Amino acid sequence: MSTATTLVWFRQDLRTQDNPALFYAAEQGWVVPIYILDDRHPGEFDLGSASRGWLHQSLTALNQQLQGALRFFRGDPLQLIPRLLRDSGIRRVAWNRCYQPGQIHQDSSLKRLLIDQGIEVQSYNGSLLWEPWTVLKKDQTPYKVFTAYYRNGCLRREPPRLPLPRPVNLSLPADLPETCSGLSLDALELLPKQGWYEGVAAYWQPGELGAADRLAEFMNQELAEYQRGRDHPAIQATSRLSPHLHFGELSPNQIWYVASQYPLTTCSEADRELFMRQLGWREFSYYLLYHWPTLPQQNFQPKFDRFVWRNTPQALLAWQQGRTGIPLVDAGMRELWQTGTMHNRVRMLVGSFLVKNLGIDWRQGAAWFWDTLVDADLANNSASWQWIAGSGADAAPYFRIFNPVTQGQKFDPQGLYVKRYCPELAELPAKHIHAPWLAPTALLAECGVILDRSYPCPIVDLKQSRQAALDAFAALREHSQPTEGSASANRGKYISRDR
DNA sequence: CCTGGAGTTGTCCTA
DNA sequence: TTAGGACAACTCCAG
């Protein structure tokens with residue numbers, strides 16, 4: 001194989017458009033695309049079950065885009081890639097960077113290893129608008145506050161790179177040695193064996209084409225109502241692009257430029273900026289994870305280490321299964337189970353409920369989301385759970401505790417969202433749907449609701465548990481010590497999570 | 001080094 | 001009914 005051939009290693013960039021590694025490899029000659037499933041990561045987060053199902057479909061789609069030339073492998077990239085290069089005689093490798101701490105570590109080891117063997121290695125930024133190490137304050141330390149990071153750190157520097165086109169005339173050689181042909185996609189065993197994934201799959205169209213459709217539909221149908229609708233879970237007003245983004249079926253750059261160039265005759269400046277700001281939040285999560293790699297395991301604010309979480313497996317199970325007796329919480333948790341996603345506002349609310357009303361460690365919530373969300377993303381998941389718990393960077397103040405009844409009345413006033421996922425409450429009038437335990441007994445009977453039988457009573461008293469949380473968080477304050485938040489102090493160590 | 005303004009998404013009580 | 005303030009300091013960040 002000549003030096004004009006590049007091994008292109010796909011990871012979280014499962015697309016052919018705006019894919020720097022693929023684009024520049026194709027410019028240079030032949031391309032051998034590979035995917036490696038590494039599900040024996042030592043000290044790394046394994047893919048959750050929902051993500052594995054999505055990945056299977058996304059790889060199917062990518063393989064179609066690549067005319068069936070994608071080669072699948074399973075194992076350790078540090079051993080596989082050097083072997084593939086040896087066996088095939090290919091002397092160049094390209095990939096787009098990943099940003100999980102374990103991946104960064106693995107990639108730099110691999111890069112060193114390959115360069116020592118005289119292999120040319122090309123790595124690109126394919127998944128972030130701004131590289132985390134380029135956005136720093138004047139004193140060269142990383143930001144901890146979103147608004148300053150986004151406004152002064154990101155928006156004032158040079159704009160994100162423009163998206164690249166799909167490579168024309170992709171040259172995909174077929175004549176590689178037998179040992180380089182890899183496995184079938186099915187041999188990766190990504191599809192969950194249980195039937196539940198079929199329900200999830202019905203809601204989504206994984207893959208580059210599905211992602212492009214979703215983006216176009218969001219722009220044309222939903223962006224104009226974004227500000228007004230995005231907080232109402234019964235309405236489809238959010239972009240639902242997160243799983244596509246997570247697997248790199250489209251890049252943030254593609255979204256950024258489609259949005260920023262969208263004519264203001266159709267949407268308002270406020271809608272557009274609010275939406276683009278969400279991409280900013282994604283950047284901020286990756287930024288935090290990069291500069292504070294312990295974000296998935298350790299409280300960003302060390303004073304939370306003193307917090308004593310309640311170990312109540314039954315309450316955790318009730319939360320996971322959507323039978324806490326709080327309709328909006330249960331609706332959200334059931335949406336998650338049935339569709340692999342959950343509306344953004346409801347995520348905050350079920351998170352607040354788990355941490356503040358049930359007093360359960362945010363890591364337990366993060367672990368469940370990790371396993372069940374099709375958009376499970378280490379950066380977003382960790383940063384967001386720490387945000388809602390109050391332990392994070394620029395987090396919600398501890399006294400900001402969501403009341404799921406009030407939130408329901410505000411954002412699901414008709415109870416349509418609750419009714420969709422809690423059909424046993426469907427007959428209840430809107431006035432009572434968010435707090436059935438307060439409804440008149442006669443009315444409940446009339447609507448076919450038997451508390452503790454057809455639908456549970458609340459497993460906690462909202463008012464009492466709120467006060468308990470306020471007291472517990474206030475106690476953290478009394479003997480608080482100076483916090484050491486230095487980036488360098490925390491860097492380097494990545495401890496595997498106990499699952 | 002000092003200073004002052006600001007900080008995603010809330011709730012509850014009071015007037 | 002509704003609007004405004006309290007909640008609790010504390011750190012961050014820019015000038």
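Just so it is clear, the model here is predicted, and its values are computed rather than measured. (Residues numbered from 1 in each chain as written. Chains lettered and ligands numbered in written order. Predicted model: local features only at pLDDT ≥ 70, side-chain atom pairs only at ≥ 80, totals over all residues.)

Right, let's talk about the overall build of chain A for a bit. Counting its regular elements, chain A contains 22 helices and five strands. In terms of C-alpha radius of gyration, chain A reaches 24 Å, essentially the compact-globule figure of 23 Å for 499 residues. Along the first, second and third principal axes, the C-alpha set of chain A runs to 80 × 50 × 50 Å. In chain A, buried positions account for 43% of the 499 residues. Pairs at least 24 apart in sequence give 78% of the contacts found in chain A among residues at least 6 apart. (Helix = DSSP H or I, 4+ residues; strand = E, 2+ residues; numbered from the N terminus. Rg over C-alpha atoms; globule rule 2.2 N^0.38 Å. Buried ≥ 20, exposed ≤ 12 C-beta atoms within 10 Å, placed from the backbone. Contact = placed C-beta atoms within 7 Å.)

Moving on, we get to unusual backbone geometry. In this structure, Asn169 takes a positive phi of about 55° despite not being glycine. Of note in this structure, Asp394 is not a glycine but carries a positive phi near 50°.

Moving on: the protein's contact with DNA strand B. Phe146, Thr147, Trp281, Asp394 and Asn403 are the nearest of the 16 residues found near DNA strand B. Elements supplying a minimum of two residues to the surface near DNA strand B: α5 (146-154), α14 (344-357) and α17 (404-411). In the surface near DNA strand B, the residues fall into nine nonpolar, four polar and three charged. (Near = placed C-beta within 6 Å. Nonpolar A, V, L, I, M, F, W, Y, C, P; charged D, E, K, R; others polar.)

Looking at chain A, the domain boundaries give domain 1 (1-127), domain 2 (128-162 + 212-291) and domain 3 (302-490). Between the C-alpha centres of domain 1 and domain 3 the distance comes to 38 Å. Taken residue by residue, the interface counts eight residues in domain 1 and nine residues in domain 3. For the side of domain 1 that touches domain 3, the class distribution of residues is four nonpolar, four polar and no charged. (Domains from an automatic or database assignment.)

Relative orientation of the contacting elements α5 and helix α11 (residues 269-291) amounts to 105°, with a least axis distance of 10 Å. As far as their axial angle goes, α11 and α5 are roughly perpendicular. Here Phe146, Tyr149, Tyr150 and Cys154 of α5 lie close against α11, whose contacting residues are Arg277, Gly280, Trp281, Glu283, Phe284 and Tyr287. Residues of the contact of α5 with α11, tallied by class, amount to seven nonpolar, one polar and two charged. (Axes fitted to C-alpha atoms, helices over the stretch in contact; angles between N-to-C directions. Parallel < 35°, antiparallel > 145°, perpendicular 65-115°, else oblique.)

Counting 117 residues, the largest nonpolar core has Val8 and Leu289 as the members making the most contacts within it. In terms of residue count, α11 provides more of this core than any other element does, eight residues in total. Leave out the neighbours within four places in its chain, and Leu289 touches Tyr99, Leu295, Leu378, Ala379, Ser382 and Ala383. (Core = buried A, V, L, I, M, F, W, Y, C linked by C-beta atoms within 7 Å.)

Position of Ala430 among the secondary structure elements: in helix α19 (residues 430-433). Taking the number of C-beta atoms within 10 Å as the measure of exposure, Ala430 has 15 and is therefore partly exposed. Considered as a pair, Ala430 and Pro413 are 17 residues apart in the sequence and their alpha carbons are 6.8 Å apart. Those residues in contact with Ala430, other than ones at most four positions away along the chain, are Pro413, Gln414 and Gly415.

Here helix α3 (residues 77-88) spans 16 Å end to end across twelve residues, near enough to the 16 Å set by a 1.5 Å rise per residue. Buried-residue contacts for α3 involve β1 (5-10), β2 (30-37), β4 (92-96) and α4 (101-116). (Expected span 1.5 Å × (residues − 1).)

Once that is clear, we can look at the packing of helix α13 (residues 327-339) against α14. At a minimum axis separation of 9 Å, α13 and α14 run at an interaxial angle of 115°. When you trace α13 past α14, the crossing you get is left-handed. Contacts between α13 and α14 involve Leu328, Val329, Gly332 and Met333 on the former and, on the latter, Val346, Leu349, Val350 and Phe353. Its residues assigned to classes, the contact of α13 with α14 shows seven nonpolar, one polar and no charged. (Left-handed = near helix turned anticlockwise from the far one by under 90°.)

With that settled, consider the environment of Arg228. Along the chain, Arg228 falls in helix α8 (residues 226-229). For Arg228, a count of 13 C-beta atoms within 10 Å translates into the label partly exposed. Here the alpha-carbon distance between Arg228 and Ala389, two residues 161 residues apart in the chain, equals 26 Å.

In this section: the pairing of β2. Counting buried positions along β2 yields six of eight residues, so the element is predominantly enclosed. Pairing geometry for β1 and β2, over six bridges, is parallel. Each residue of the ladder has a partner; that of Thr5, found in β2, is Trp30. This β-α-β element, β1 to helix α1 (residues 20-28) to β2, shows right-handed connectivity. Pairing of β2 with strand β3 (residues 71-74), which is carried by four bridges, proceeds in the parallel orientation. When the sheet's bridge partners are listed, Ile36 is paired in β3 with Phe73. (Pairing = 2+ DSSP bridges. Right-handed = clockwise from strand over helix to strand, strands pointing away.)

On to the sheet that holds β1, then. Pairing is parallel across the open sheet formed by five strands, whose spatial order is β3-β2-β1-β4-β5. Only two strands of the sheet have a single partner each, and these edge strands are β3 and β5 (120-124). On average, each strand axis in the sheet is inclined to that of its neighbour by 25°, with strand direction left out of account. With five bridges joining them, β4 and β5 adopt parallel strand pairing.

With that settled, consider the environment of Trp204. Looking at the secondary structure, you find Trp204 in the loop between α6 (196-201) and α7 (208-222). In sequence terms Trp204 and Pro243 are 39 residues apart; their C-alpha atoms lie 9.4 Å from each other. Apart from residues no more than four positions distant in its own chain, Trp204 is found in contact with Pro243 and Val374.

Looking at chain A as a whole, its pLDDT mean stands at 92, while 94% of the residues score no less than 70. Scored below 50 in pLDDT, residues 480-499 makes 27 contacts in the model with residues more than four places away or belonging to other chains. (pLDDT = per-residue confidence, 0-100.)

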